[in-house]
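Take a look at the letters that make up each chain.
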Amino acid sequence: MNRTDRLNAILIQLQSKRIVKAQEIAERFDISLRTVYRDIRALEEAGVPIGAEAGIGYFLQENYQLPPVMFTSDEASALLFGEKLIEKMSDEKIKSDFCSALYKVKAILKPGEKDYLEKLHERIAVYNYHSYGERFNRLYLNEIQQALVHKQVLNIKYEARYAEAAEWRKIEPIGLCNYSSRWHLFAWCQLRSAYRDFRLDRIQELEVSSENFKGKKHLTISEYMAENSVVSSDANISVLVPKSRLKYLDESKFWYGFLGEEDLGETVRIHFSNSELHGFAIWLLNTGSYARVEYPLELKEIISQFVRNMLNVYQDDL
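All chains use their own residue numbering, which begins from 1 and follows the written sequence. The predicted nature of this model means local features are confined to residues of pLDDT at least 70 and side-chain atom pairs, given and counted, to a pLDDT of 80 or more, with totals for whole chains, interfaces and linings taken over all residues. Side-chain descriptors were evaluated using all non-hydrogen atoms of the structure, hydrogens and water having been removed beforehand.

Peer 1: I'd love a proper account of the domain arrangement of the protein chain, names of residues and values included.
Peer 2: How big an interface is tends to be reported as the loss of accessible area on association of its parts. Domain limits in this description derive from either an automatic procedure or a database domain assignment. You can read the domains of the protein chain as domain 1 (3-60), domain 2 (73-122), domain 3 (134-226) and domain 4 (237-314). A separation of 28 Å is found between the C-alpha centroids of domain 1 and domain 2.

See below:
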């Protein structure tokens, strides 16, 4: 990127937030802080009213208005990719809001760029079989975002996977995370007096309370993920699958933490990283792959119990 393009990009970045740190600019363009200071000075000399707060960052004066932002074809294409992902990875409210915002963006595109997006739209698709069903149309993403920003306590009616019935919890949210193709909310659960990972598609009802927890020190989302190994590259599950049955795992293995496999001749050893052993066990039984668990022992016991329960159901027919 030449300096002129970089100065223009810095100006747009300053417009994107109330305050932008010099370090953010340096990291975005892979330049030194000294270069950032020179670029900011060049913008000021060009008449851009940039304010600065020592030790905090730079900002544009409130009365300064930039001309409408124009997008390149590559930038417009990136927005289209965002639309496709939002469509399959969020709830109805977020989809509606994003669609409304995108119409405003498309309104300022050049005719050629509009045609480009129109042709590309039907040639890109995202599939996420977890996103289907009524539960995924109402994930309370907007309400949760509001609670995260304002540190508000949430009241949720939550259906734990293996609980007999849903129960109300009061939680203090610390972060949203999408992993294993599902949205998760990390929060301090007042009922359990511990941090918990709540899957949004299991929240039956949610209320944003007037109670807040400002001033209370909680883990950051990064700290929570590090302490709980939410997304790990280390295998905790190993299974043996006959080569003749590998096709039954097909692409579904990628939804359950597939990491890699080893060719052992007649069988293949497959490694996974997945902390939800009950769900993993149900998937493994449903595949028809005849997979045999090597470890962990807990997963072996869960599958054995499932098999015994099924035998009890059908024992009179045997």
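Peer 1: Could you give an account of the sheet that holds strand 9 (residues 258-263), naming the residues involved and the relevant values?
Peer 2: Spatially, 9-10-8-11 is the arrangement adopted by the 4 strands of the open sheet, whose pairing is antiparallel. Both edges of this open sheet fall to strand 9 and strand 11 (292-295), since each of them pairs with a single strand only. Ignoring strand direction, the axes of neighbouring strands in this sheet form an average angle of 25 degrees. Strands pair, by our definition, only if DSSP identifies at least two bridges between them. Under the scheme used here, helices are H or I runs from DSSP no shorter than 4 residues and strands are E runs no shorter than 2 residues, and both carry numbers assigned from the N terminus. Pairing between strand 8 (residues 237-242) and strand 11: 3 bridges, direction antiparallel. Residue S238 lies in a different strand from strand 11, and its bridge partner there is Y295. Relative to strand 11, helix 10 (residues 297-314) is tilted by about 150 degrees, and along the sheet it contacts strand 8 and strand 11. Interaxial angles span 0 to 180 degrees and are taken between N-to-C directions of axes, which are lines fitted to C-alpha atoms, for helices over the stretch in contact. Here a residue-residue contact requires only that any non-hydrogen atoms of the pair lie within 4.5 Å.

Peer 1: Tell me about the sheet that holds strand 7 (residues 203-212), and name the residues and values.
Peer 2: Strands sit in the order 6-5-4-3-7 across an open sheet of 5 strands; the sheet is antiparallel. The open sheet terminates on both sides in strands that have one partner only, identified here as strand 6 (194-199) and strand 7. Averaged over all neighbouring strand pairs, the angle between strand axes comes to 45 degrees, with direction disregarded. Pairing of strand 3 (residues 152-158) with strand 7, which is carried by 6 bridges, proceeds in the antiparallel orientation. By the bridge assignment for strand 7, L154 is matched with V208. The sheet contacts of helix 7 (residues 141-150) involve strand 3, strand 4 (167-179), strand 5 (182-189) and strand 7, and relative to strand 4 the element is tilted by about 95 degrees.

Peer 1: I'd love a proper account of the UniProt feature "domain: HTH deoR-type" (unreviewed entry) in the protein chain, names of residues and values included.
Peer 2: When the UniProt feature table is mapped onto this chain numbering, "domain: HTH deoR-type" (unreviewed entry) sits at residues 3-58. Across residues 3-58, helical content stands at 62% and strand content at 11%; the span's end C-alpha atoms are separated by 19 Å. UniProt positions are given in the numbering used here, feature names are shortened, and annotations may be inferred rather than shown by experiment.

Peer 1: Please set out the pairing of strand 5 residue by residue, giving values where relevant.
Peer 2: Burial classes: relative accessible area under 20% of the type maximum marks a residue as buried, over 50% as exposed, and values in between as partly exposed (1.4 Å probe, protein chains only). By the criterion of burial, strand 5 is predominantly enclosed, with 6 of the 8 residues buried. Of the strand pairs in this sheet, strand 4 and strand 5 are connected by 8 bridges, and their pairing is antiparallel. Note that in strand 5 the partner of L176 across the bridge is L185. Between the end of strand 4 and the start of strand 5, which pair antiparallel, lie 2 residues, with S180 showing a positive phi angle near 55 degrees. In this structure, strand 5 lies alongside strand 6, joined through 6 bridges in antiparallel fashion. From the neighbouring strand, A187 faces strand 6, where its bridge partner is R196. Turn length for the strand 5-strand 6 hairpin, with the two strands adjacent in sequence and antiparallel, is 4 residues, and the turn residue S193 shows positive phi of about 55 degrees.

Peer 1: An account of the pairing of strand 2 (residues 57-60) is requested, with residue identities and associated values reported.
Peer 2: With 4 bridges joining them, strand 1 (residues 50-53) and strand 2 adopt antiparallel strand pairing. Each residue of the ladder has a partner; that of G51, found in strand 2, is F59. In this structure, the hairpin formed by strand 1 and strand 2 is closed by a connection of 3 residues, where G55 is found at a positive phi of approximately 80 degrees.

Peer 1: Residues and numbers for the environment of Y58, please.
Peer 2: Looking at where Y58 falls in the secondary structure, it is placed in strand 2. Taking the C-alpha atoms as reference, Y58 lies 26 Å from Q145; in sequence the two are 87 residues apart.

Peer 1: Lay out a nonpolar patch on the surface with the relevant residues and their values.
Peer 2: Surface patches are drawn from residues lacking salt bridges whose relative accessible area is over 30%; two like charges belong together within 9 Å, two nonpolar side chains (Val, Leu, Ile, Met, Phe, Trp, Tyr) within 5 Å. Only the protein chains shown count as cover for residues, and all accessible areas are computed by the Shrake-Rupley method using a 1.4 Å probe. By definition here, a salt bridge exists when the distance from a side-chain nitrogen of Lys or Arg to a carboxyl oxygen of Asp or Glu is within 4 Å. On the surface, L285, V307 and L311 cluster together into a nonpolar patch covering about 240 Å² of accessible area. Structurally, V307 is set in helix 10. Note on V307: relative accessible area 38%, which makes it partly exposed.

Peer 1: Would you mind going over the side chain of D201 in detail, with residue names and values included?
Peer 2: By the secondary structure assignment, D201 is in the loop between strand 6 and strand 7. There is a polar contact of 2.7 Å between the side chain of D201 and the side chain of R199. Residues contacting D201, with those up to four places away along its chain left out, are R135, F136, L139 and R182. Any pair of nitrogen or oxygen atoms within 3.5 Å is treated as a polar contact; in protein, a donor-acceptor pairing is required on top of that, and neighbouring residues in sequence qualify only through side-chain atoms on both sides.

Peer 1: Residues and numbers for the environment of L176, please.
Peer 2: Tracing the chain through its elements places L176 in strand 4. Residues L176 and L200 lie 24 residues apart in sequence; the distance between their C-alpha atoms is 9.5 Å. In this structure L176 touches L141, I144, Q145, L148, W183, H184, L185, L200 and I221, once residues within four positions along its chain are discounted.

Peer 1: Before we move on, could you go through the packing of helix 4 (residues 73-89) against helix 6 (residues 111-121) and cite the residues and values that matter?
Peer 2: Each packed pair of helices is defined by two parameters, the angle between the axes and the distance between the axes. Two elements in contact, helix 4 and helix 6, have axes whose closest approach is 10 Å; the angle formed by their N-to-C orientations is 35 degrees. Relative to helix 6, the crossing made by helix 4 is right-handed. Contacts between helix 4 and helix 6 involve S73, A76, S77, L80, E83 and K84 from the first element and E113, Y116, L117, L120 and H121 from the second. Think of it as three bins: nonpolar holds Ala, Val, Leu, Ile, Met, Phe, Trp, Tyr, Cys and Pro, charged holds Asp, Glu, Lys and Arg, and polar takes everything else, Gly as well. Across the contact of helix 4 with helix 6, the residue classes tally to 5 nonpolar, 3 polar and 3 charged. By convention the crossing between two helices is left-handed if the near helix lies anticlockwise of the far one by an angle smaller than a right angle, and right-handed if it lies clockwise.

Peer 1: Please set out the packing of aromatic side chains residue by residue, giving values where relevant.
Peer 2: A pair of aromatic rings is counted whenever rings of Phe, Tyr or Trp (Trp by its six-membered ring) have centres within 6.5 Å, and the orientation is called stacked for planes under 30 degrees apart, edge-to-face for over 60 and tilted otherwise. Per the counting criterion, the structure on display carries 11 aromatic pairs. Taken together, a centroid distance of 5.2 Å and an interplanar angle of 75 degrees make the contact between F254 and F258 edge-to-face. For F254, a relative accessible area of 54% translates into the label exposed. Ring pairing ties together the aromatic residues F254, Y256, F258, F272, F280 and W283, which thus form one cluster. Each ring is checked for a lysine NZ or an arginine CZ that lies within 6 Å of its centre and within 35 degrees of its normal; such an atom marks a charge sitting over the ring. When the ring centre of Y290 is taken as reference, the NZ or CZ atom of R245 above it lies at 4.0 Å. Positioned over the ring face of F258 is K253, at 4.4 Å from the centre of the ring.

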